[in-house]
Amino acid sequence: MPRPPYLGAAYYPEDWPREQIDADIALMLEAGMNVMRLAEFAWSTMEPRQGQFEFGWLHEAVDKLGAAGIGSILGTPSATPPAWLTERYPEVLFVTDEGRRPGHGSRCHCCPNSPVYRDHCARIVTKMGEEFGADPNVIGWQIDNEVHPMGAPWPARSCCCPVCRARFAERLAARFGTVEALNQAWCLSLWSQAYDSFEQVPVPNRVVWHHPSLLAEWAEFASDSYVDFVAHQAHILHRHTKAPVGTDMMPLIGVDHVAANRVLDLVQYNHYNDERTLHVAAFWFDYMRGIKPTVPFWNTETQTGWNGSVAVNGGNKPPGWCRANSWLPIALGGEANLYWLWRQHWTGHEQMHGAVVSSCGRPLSMFAEVREIADGYRAASDFLAETEVVSSGLGVMFSTRTARWNQYLPIAAGFDYVGTIVERIHRPLLEAQYRPDVVTPSTDLSGYQTLVVPFLYNLDEDGLRARLVAWVEAGGTLVIGPLSDVRDANLGKYRHAPFGSLEEWAGVYTKFSVPGGPVEHELSWLSGGQEWTGSLWADGFEARGAEELALWSSGPLRGLAAATMRSVGSGRVVLLGTLLPAQGLDWVLRQCGVAPVATAGPRVVLAQRRGESRQGAVLVELEGVGGTFTAPLAGVDLLSGDRFDQQIPMEPFGVRVIEQ
Amino acid sequence: MPRPPYLGAAYYPEDWPREQIDADIALMLEAGMNVMRLAEFAWSTMEPRQGQFEFGWLHEAVDKLGAAGIGSILGTPSATPPAWLTERYPEVLFVTDEGRRPGHGSRCHCCPNSPVYRDHCARIVTKMGEEFGADPNVIGWQIDNEVHPMGAPWPARSCCCPVCRARFAERLAARFGTVEALNQAWCLSLWSQAYDSFEQVPVPNRVVWHHPSLLAEWAEFASDSYVDFVAHQAHILHRHTKAPVGTDMMPLIGVDHVAANRVLDLVQYNHYNDERTLHVAAFWFDYMRGIKPTVPFWNTETQTGWNGSVAVNGGNKPPGWCRANSWLPIALGGEANLYWLWRQHWTGHEQMHGAVVSSCGRPLSMFAEVREIADGYRAASDFLAETEVVSSGLGVMFSTRTARWNQYLPIAAGFDYVGTIVERIHRPLLEAQYRPDVVTPSTDLSGYQTLVVPFLYNLDEDGLRARLVAWVEAGGTLVIGPLSDVRDANLGKYRHAPFGSLEEWAGVYTKFSVPGGPVEHELSWLSGGQEWTGSLWADGFEARGAEELALWSSGPLRGLAAATMRSVGSGRVVLLGTLLPAQGLDWVLRQCGVAPVATAGPRVVLAQRRGESRQGAVLVELEGVGGTFTAPLAGVDLLSGDRFDQQIPMEPFGVRVIEQ
Amino acid sequence: MPRPPYLGAAYYPEDWPREQIDADIALMLEAGMNVMRLAEFAWSTMEPRQGQFEFGWLHEAVDKLGAAGIGSILGTPSATPPAWLTERYPEVLFVTDEGRRPGHGSRCHCCPNSPVYRDHCARIVTKMGEEFGADPNVIGWQIDNEVHPMGAPWPARSCCCPVCRARFAERLAARFGTVEALNQAWCLSLWSQAYDSFEQVPVPNRVVWHHPSLLAEWAEFASDSYVDFVAHQAHILHRHTKAPVGTDMMPLIGVDHVAANRVLDLVQYNHYNDERTLHVAAFWFDYMRGIKPTVPFWNTETQTGWNGSVAVNGGNKPPGWCRANSWLPIALGGEANLYWLWRQHWTGHEQMHGAVVSSCGRPLSMFAEVREIADGYRAASDFLAETEVVSSGLGVMFSTRTARWNQYLPIAAGFDYVGTIVERIHRPLLEAQYRPDVVTPSTDLSGYQTLVVPFLYNLDEDGLRARLVAWVEAGGTLVIGPLSDVRDANLGKYRHAPFGSLEEWAGVYTKFSVPGGPVEHELSWLSGGQEWTGSLWADGFEARGAEELALWSSGPLRGLAAATMRSVGSGRVVLLGTLLPAQGLDWVLRQCGVAPVATAGPRVVLAQRRGESRQGAVLVELEGVGGTFTAPLAGVDLLSGDRFDQQIPMEPFGVRVIEQ
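Just so we're clear, the structure is a prediction, and the values are computed from it rather than from any experiment.

Caption draft 1: Molecular detail of the overall build of chain A. Within chain A, the regular secondary structure consists of 17 helices and 28 strands. A compact globule built from 660 residues would reach a C-alpha radius of gyration of about 26 Å, and chain A, at 26 Å, matches this within 12%. Counting the 660 residues in chain A, one finds 67% classified as buried. In chain A, the proportion of contacts linking residues at least 24 apart, taken out of those at least 6 apart, comes to 71%. Total accessible area on chain A is roughly 20400 Å²; 50% of this is exposed by carbon and sulfur atoms. Averaging the locations of the 52 positively and 73 negatively charged side chains of chain A gives two centres separated by 1 Å.

Written out as structure tokens, the structure is:
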């Protein structure tokens, strides 16, 4: 069986002549691949008529791949029901907020809560489990494909069928107990919205300007529906296989990644970042790594050279980019990188997407680069297997629930939670070589010395509030704000203070708060004399036990504190009242004694690894510029065999695996 | 009871703990407020179940406010029916052009013509009248909230329910008598549109490219429906109260402001202009002042510092802006300025809107400015009460019917009637200190020496044509055009000439007309030698009894007149064939002997006031720049106590109330 | 009866008082017009109640026009059914993909396949044929008006009524025989799309992301439906008249122009190009000329001075533009130019469109220019009648089927087939004076020496593949690519090679293909040393029998051929792997021995004419710049009487008709 790191692609033998598989396998071996992902959309080929199964073609594919040393990952096909299914059982189809059911011809268009659909899914998944659960060539399973609420644009996404409507009313009843409690929690006296029964609460549509708390609850319901849809299949597969089961997720926030993985065995993740956004990919990898921290994640989809559907999107990638893009997940804690797709589709919705070989079976122009990556994976295989990514002890907190809330309640003008965390918090830390983890409210905090918690509207997710206090008192440094702890669990503001707990924790009184823009205000740090501009939001604090770190020097908050620090137990709370520029965040961390793990320039990810007897680091250049990089590393690059001591030359999109 | 000017805000005690009212009142007094607006959305709190009323909470609020010297304005809650109402009587809900009824959770979503809805409204309004009609603390009433056709985007707005469809057919029958008359009036042989019956005439929808005359008629029907909806409640309230009854209107043109106020007692107006658009607010105030010229209007809504719904819009305002924004309605003839809202909502659709105090009861950063405004209102109270705004005798004619027509028949490329009147006609006159009134086709013209009548497609509104002629013959100076008198009352062109009467009135023959753009043509004035560029539209006239004022000097109209003047009776008609730049309009007025009322710079509104024994002026700086301002005024600023003589220094967004 | 060239306009006497016609005719004669187009939307006037016909008004108009020497073209009114028809037979109305039927008040809103609608159309068309078929004053017929799939935005256009759905299933059955064959042709194993029956195949809607092959088939069905709708009326008219029958078509690609004209007698074409796009008009005229090569086409609609609906669009045109615009169709093979419209509508949807005279019957500002055009037509009438346009022997191939496919399958990022052919292929050839014909896959190729065939996805339309081979072998020079021959007749890729036949024809092996952008790559020509940048797409060829014309000099294809040439029989195949800049295309043609027909600058169309005893050329300046133009022409300008020898001065938008 193949050894990690896995290099592979999505393979759709059902769309090609059966005899072509041998030529495909020969090319896969030439490309150096050791894993293929199959069957995710092949329901109509596996069950062409209800209850009539045809697995011969798939056995043949898995067997032939296995004989060539190539493992298979099998996908359950629930994203694409056959035409006979949706024709005979139209109630399984997704219903839009306008009451419309999409017809056949697309994907991911069924209701996640439909008991009828789940029964059909159970049948095909059970059958696949029976057929392939014990097959040693099947090294893993993928449930469905990119599950995510679909349909209308936000805020009206997710299925609105009668089943979902009833389930939503049940959820509200379970959560609030009485409709009076709901009316109070959402202040439904406002606009005479108060309901007389849970059944009266509408599922959101695009016509009505809805209460953000309703929209948020609906989004949580949608997320939970898909989590449960995945879990339903996972339980079936776990009865038939020992191979790890996952579901390939996207860098979208409609489904809670943490919740979706609770009953799964490993994290599967798809991304289509390009030459300008590898730092975004790094954010998501830093996040995916921690969802199941003891198991390396799989990067189940990425591109080789270009995206496309009925037209190419974004053009061809520069030389070396495929290398950096393929090593980045490995550097950041993954053990697999699979391209979408092996051979370009010869027709259909996505026929212009790039691949490894063309529709007519000719290697594409980056084929040689793929082969080089495969060679590198093999050369570093032992080192990677015997070491693990070293955590810096610095975490940036990210919550997809907050991201969902942010869509209905941006609070600040134009505020995009995910984009701001990625570009304004994680990216500066990435580029300054802090090597941050991305943690969630569910993460075990005990391994962290420092947490940066920006924009976390509510601190009650997974009992975080109490855990944070305990963690600070035990010595943690909490850098929190702006816009954290500003809403209760129903999206309502606190009425005793602008924050739930932060005035108390931080020892401040919030005199005034003003929104950011159109003119941004300046603040100056009391120690060191730096002057920066705060953006997005501006709180002006009076210190009541806290030490002032920075004062506002212009605008309506002049003279009030923009940032404060207070010791709490063995730890401390740093409260930020505004969004700082990159240098400002760096300055705060240094004030707290946090230091980067390297002095490298901004364009290189340096991920240290340590095992029982080996250590070193993986380096990936993200921007295609290259240069020489200074790091506290001396050792041999396992890819080139060259030895380096602190000065490490990197070609554009270069990769080094240096063992010390 | 409080004395004007009123300073206040919208107050929603139903959304807060009952015991909080005392703290709120204490803060209101600290802010210097003397009026609160209540109950406009509180139907579900006042009538939680059909026919079961709870007014105790509202009596308590009105009483406690009254005890503190704060008057109450009560709103009828018909914008927000309770859930039990729309669930039990779904026929009251608005129907979109696609046949869809919005669900619960928004506002202004009921049919204005629904007899069932009107009965429900009558019940709650009657009950409120019985409870509060004689309450001395209730100083006024507001009907509904911002009534306006809603639903689909233009042109398909307004309710399309069966009741409205039947009423529309009845309206057509009443207006045209026979369907043949309708077919002829709209030339429905064209495209074989001719109808066989009034019932066959569709209400507009977004799918069909409709005849503009149909769209216009539908818009008039919608406007009239809302006018009637408001009148229905006004009649009820008038049976129970002596306090003035109004309806708070927006700077939108879907409902005719003049018609809406015919049976009301005073004009109520809401606006959300910002630091770049106080001149737009001035236009609307100059218009609102004249709708009921003997009664000062109320500015029932404006912002303190920022707008917002689920996010802040537009950011915080600069220092002093709240002052200028709060004094501008007073300067221009109002007697009340109310902020929306008193205390920021703690949740819901508009939780990020600014206010006077925060959700947790802390004064916001402009609180001190509000207090200063309150002090100023008090200091100027007697002077304002004993004087009235002096009219300049110059009117700019504005018609919301024309504005509605303009949406379906822009005539010139991209022509926006309201924006062009505001920015290209009123603003130049405002900045040149002409201090114009904004009049309507219904206005009594006898008080005016000069009227500027641009873009008034049709002269038959409220019998204007005959009244204009009589007014000119009696000595008035009519400056008319371009694009005035170019359509009959059904939006058809005249077939005998390009104008209904203007060739005859002005003594010209229109040789050629060409649309403005893409190249603009030049014209030169025969007297004075100025050269300007005409835009939007270009008529070329031959004088037939008129004096040529300006000739086209380039383009296809070269040599023809662009503007003419002719004496008519004791007055004269100045005909403009194009849209002039600001200096051109100024030149025309000076040719007609019209002069500015002051020589101040463009940024200050100077509104003269005169009473039996007192006189002076209110000055407001609109752009936040400040400076020293020259005006024929000598006297004492009642706000600062300082004395000035013609040279008046103004701080940014400064205000003076100078008594001579 | 009038002689060509015809100069005329659309005339709607049904919308005006009956007695006005004499004044209109007097003005028409003053303008020099000799043809009017009538009745196209007048169904409700001709048949005000079902089966009750009124043709008196139309006879009177045709007779009076005829008496004045003005011929009539009659339109069948099927674009605008009367209200009684759509009310009594609502099933005739178009159904959108959302299942909605538009109401009355628009045009072109009926189902082309509705048997009920066709019966009604047959009745009115038959009646018109009986009344006017033998009328000598009727010089031609127009069927419907601008037939084209309407309704939703692409890709979901065209009627989705039950009749259309059934016909579409029948079409699929006829085309594929078995549903298994359909499933295979479109590879419907992909995403489990495979159908169990033809009835299961949905008509496309906007909600579902559809397979591009389905969308393309649906678009062909729509095109064929309209072609058949037109043919149905043509057969009726042909039974009643000897006058030529056509249908006025637009520069849109929803209906195949070639197919639509198969049973018609002459090509009718409407366009609204403006001062910046006369070169676009030239493309379409070069195309229209060849659809029925033995009969001059009629330009049935164009503007005099400005477009407009409820507002003017685009403004007034510069002096002379109307002249160039009116002569261009004559220069390029037409014999008629009609303005839309004679007299501006006095109301309705299009009341702001320009015309020849205004709504009140006054000549518009370009009236004198129209008169000058009429005089010119008369002066050149004999010469034009006795000569024909001379073909250069160079054809650019254009296919509306490819244009329809391109909408669902752009292949390259942002690739617009029509725009690219017009701007990047035809325009350079136009400006370099190659005087190209625009040919189609159906064109008889025997008259051509050289064909440029870019972006023709599939070569199987009308048996082109075999005909092309034969034509090359017989001596033709085929300049083909990029993106030609890259899809089979079902929009699938070939699986044996990137091309169906081109590798074989051209003698190459395609090593790599990469999409164009974001960085464009350079190529250099082996002969001559020019360096250009290829765009849109990049194929890299290895020569296997071909001569390399150009090699890629940068990027992933460096060293591979970008263009090749190979002799085939007496002809040759030049294969282009990328979109060349204008100079590159010129260089290729010169390498092939193709030369421009004149050395004139880029702004003049020079169309040579030759007859039995006369020859010369028509010259039209397209850009309003003017200048002196060098051409191998010596003779007399029939318009001015001036004689020229090779140096021909042209005023802006000037026209010359030079007889040698």
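Right, picking up where we left off after that structure.
Caption draft 2: Summary view of the relation of the copies chain A and chain C. Superposing chain A onto chain C takes a rotation of 120 degrees plus a shift of 0.0 Å along the axis, which leaves an RMSD of 0.0 Å. As the rotation angle and translation indicate, the two copies are arranged about a three-fold axis. Of the C-alpha atoms belonging to chain A, the one lying closest to the rotation axis is found on A:E98, 6.3 Å away.

Caption draft 3: The interface of chain A and chain C, seen in detail. Contacts between chain A and chain C engage 45 residues on the former and 52 residues on the latter. At the boundary of chain A with chain C, total buried surface from both sides reaches about 4000 Å², with 59% on carbon and sulfur atoms. On the chain A side of the contact with chain C, A:W346, A:H349 and A:R362 bury the most area, a combined 20% of that side's loss. Across the chain A-chain C interface, the total number found is 2 salt bridges. In this structure, A:R100 engages C:E98 in a salt bridge whose closest nitrogen and oxygen atoms are separated by 2.8 Å. Counting across the chain A and chain C interface gives 24 residue pairs in polar contact (both at pLDDT 80 or more). Secondary structure elements with two or more residues in the side of chain A that touches chain C: α2 (43-46) and α4 (83-88) of chain A. Among the residues forming the side of chain A that touches chain C, the class breakdown is 18 nonpolar, 19 polar and 8 charged.

Caption draft 4: Focus on unusual backbone geometry. Residue and element names in this part refer to chain C. With an omega dihedral of 15 degrees, the bond running from W340 to L341 counts as a cis peptide bond. Residue position: L341 is located in the loop between β11 (334-339) and α12 (367-385). Residues G481 and P482 are joined by a peptide bond in cis, for which omega reads -5 degrees. Position of P482 relative to the elements: it lies in the loop between β16 (477-480) and α16 (502-506).

Caption draft 5: Fine view of the domain arrangement of chain A. All names here are of chain A. Partitioning chain A into structural domains gives domain 1 (6-153 + 221-383), domain 2 (165-214), domain 3 (394-591) and domain 4 (604-659). Computed over C-alpha atoms only, the centres of domain 1 and domain 4 are separated by 31 Å. At the interface, 19 residues of domain 1 touch 21 residues of domain 4. In total, about 1500 Å² of surface goes out of reach between domain 1 and domain 4, with carbon and sulfur atoms giving 76% of it. The largest contributions to the domain 1 side of the interface with domain 4 come from R323, A331 and F383, which together make up 44% of the buried area. Counting the contacts that link domain 1 with domain 4 gives 1 salt bridge. With its nearest N and O atoms 3.4 Å apart, the salt bridge here joins R323 to E651. Linking domain 1 with domain 4 are 3 residue pairs in polar contact (both at pLDDT 80 or more), by the criterion used here. Top contributing element to the side of domain 1 that touches domain 4 by residue count: helix α11 (residues 321-331), with 7 residues. Residue composition of the side of domain 1 that touches domain 4, grouped by class: 13 nonpolar, 3 polar and 3 charged.

Caption draft 6: Quick peek at the sheet that holds strand β12 (residues 388-389) of chain B. Pairing is antiparallel in the open sheet, where 6 strands are placed in the order β12-β24-β25-β28-β26-β27 (chain B). A strand with exactly one partner marks an edge of an open sheet, and here the two such strands are β12 and β27 (643-650) of chain B.

Caption draft 7: α12(C), seen in detail. All names here are of chain C. An ideal rise of 1.5 Å per residue puts 27 Å on 19 residues; α12 measures up with 26 Å between its terminal C-alpha atoms. A maximum bend of about 45 degrees is found in α12 at A379. When we look at burial in α12, the residues that qualify are F367, E369, V370, I373, A374, G376, Y377, A380, S381, F383 and L384.

Caption draft 8: Seen up close, the packing of helix α10 (residues 278-291) of chain C against helix α14 (residues 417-431) of chain C. All names here are of chain C. Where α10 contacts α14, the axes come no closer than 10 Å and their chain directions differ by 90 degrees. As judged from the angle between their axes, α10 and α14 are roughly perpendicular. Contact with α10, carried on its side by H279, V280, A282, F283, W284 and D286, involves V418, I421, V422, E423, H426, R427 and L430 of α14 and no other residues of that element. Among the residues making up the contact of α10 with α14, the classes are represented as 8 nonpolar, 2 polar and 3 charged.

Caption draft 9: Representation of the environment of B:V396 within the structure. Residue and element names in this part refer to chain B. With respect to the element layout, V396 can be found in strand β13 (residues 394-397). When its relative accessible area of 0% is taken as the criterion, V396 is described as buried. Between the C-alpha atom of V396 and that of D488, which follows or precedes it by 92 residues, the distance is 21 Å. Once residues lying within four places of it in the same chain are set aside, the contact partners of V396 are I421, I425, L429, P436, D437, V438, V439 and V452.

Caption draft 10: Examining the pattern of salt bridges more closely. Tallied over the full model, the rule gives 120 salt bridges over all chains. Between A:D637 and A:R656 there is a salt bridge, and its shortest N-O distance comes to 2.9 Å. Of the two residues, A:D637 sits in strand β26 (residues 627-637) while A:R656 sits in strand β28 (residues 655-659), which places them 19 residues apart along the sequence. For A:D637, a relative accessible area of 1% puts it in the buried group. Overall, A:R656 belongs to the buried group, its relative accessible area being 15%. Note that B:R590 is salt-bridged to B:D586, the shortest N-O span being 2.7 Å. Of this pair, B:R590 and B:D586 both sit in helix α17 (residues 582-591), 4 residues apart, which is roughly one turn of the helix. Judged by relative accessible area, which is 48%, B:R590 ranks as partly exposed. Salt bridges linked by common partners bring A:R37, A:E40, A:D248 and A:E301 together as one network.

Caption draft 11: Quick look at helix α11 (residues 321-331) of chain B. All names here are of chain B. Of all 11 residues in α11, 11 are buried, a share of seventy percent or more. Among all positions in α11, only W321, C322, R323, A324, N325, S326, W327, L328, P329, I330 and A331 are buried. After α11 finishes, the residue G333 shows a positive phi value of roughly 110 degrees.

Caption draft 12: Inspection of the packing of helix α14 (residues 417-431) of chain B against α17(B) at higher detail. Residue and element names in this part refer to chain B. α17 packs onto α14 with a crossing angle of 65 degrees between their chain directions and a minimal axis gap of 9 Å. For the pair α14 and α17, the sense of crossing is right-handed. From α14, R424, I425, P428 and L429 reach across to α17, where they touch A582, L585 and L589. Classifying every residue of the contact of α14 with α17 gives 6 nonpolar, no polar and 1 charged.

Caption draft 13: Highlighting the interface of chain B and chain C. Taken together, the contacts link 52 residues of chain B with 45 residues of chain C. The junction of chain B with chain C conceals about 4000 Å² of combined surface from both sides, 59% of it contributed by carbon and sulfur atoms. Counting the contacts that link chain B with chain C gives 2 salt bridges. At the junction of chain B with chain C, the criterion picks out 24 residue pairs in polar contact (both at pLDDT 80 or more). Going through the elements one at a time, α7 (179-185), α8 (212-240) and β17 (508-515) of chain B are the ones with two or more residues in the side of chain B that touches chain C. Tallied by class, residues from the side of chain B that touches chain C come to 30 nonpolar, 14 polar and 8 charged.

Caption draft 14: Local environment of the nonpolar core. The biggest cluster of nonpolar side chains holds 580 residues, and the ones touching the most others in it are A:W327, A:W342, B:W327, B:W342, C:W327 and C:W342. Excluding residues within four positions of it along the chain, C:W342 makes contact with C:A9, C:A10, C:Y11, C:D24, C:L27, C:M28, C:A31, C:M33, C:M36, C:A355, C:V356 and C:V357.

Calculation criteria
- Residues numbered from 1 in each chain as written.
- Chains lettered and ligands numbered in written order.
- Predicted model: local features only at pLDDT ≥ 70, side-chain atom pairs only at ≥ 80, totals over all residues.
- Heavy atoms only, no water.
- Helix = DSSP H or I, 4+ residues; strand = E, 2+ residues; numbered from the N terminus.
- Rg over C-alpha atoms; globule rule 2.2 N^0.38 Å.
- Buried < 20%, exposed > 50% of the residue type's maximum accessible area, 1.4 Å probe, protein only.
- Contact = heavy atoms within 4.5 Å.
- Areas by Shrake-Rupley, 256 points an atom, 1.4 Å probe, with all protein chains shown as cover.
- Lys, Arg positive; Asp, Glu negative; His and termini not counted.
- Charge placed at Lys NZ, Arg CZ, Asp CG, Glu CD.
- Least-squares fit on C-alpha atoms with pLDDT ≥ 70 in both.
- Buried area = accessible area lost by both parts, 1.4 Å probe.
- Salt bridge = Lys/Arg side-chain N within 4 Å of Asp/Glu carboxyl O.
- Polar contact = N/O pair within 3.5 Å; in protein donor to acceptor, adjacent residues only side chain to side chain.
- Nonpolar A, V, L, I, M, F, W, Y, C, P; charged D, E, K, R; others polar.
- Domains from an automatic or database assignment.
- Pairing = 2+ DSSP bridges.
- Expected span 1.5 Å × (residues − 1).
- Bend = angle between axes of the 7 residues up to and from the residue.
- Axes fitted to C-alpha atoms, helices over the stretch in contact; angles between N-to-C directions.
- Parallel < 35°, antiparallel > 145°, perpendicular 65-115°, else oblique.
- Left-handed = near helix turned anticlockwise from the far one by under 90°.
- Core = buried A, V, L, I, M, F, W, Y, C linked by side-chain atoms within 4.5 Å.

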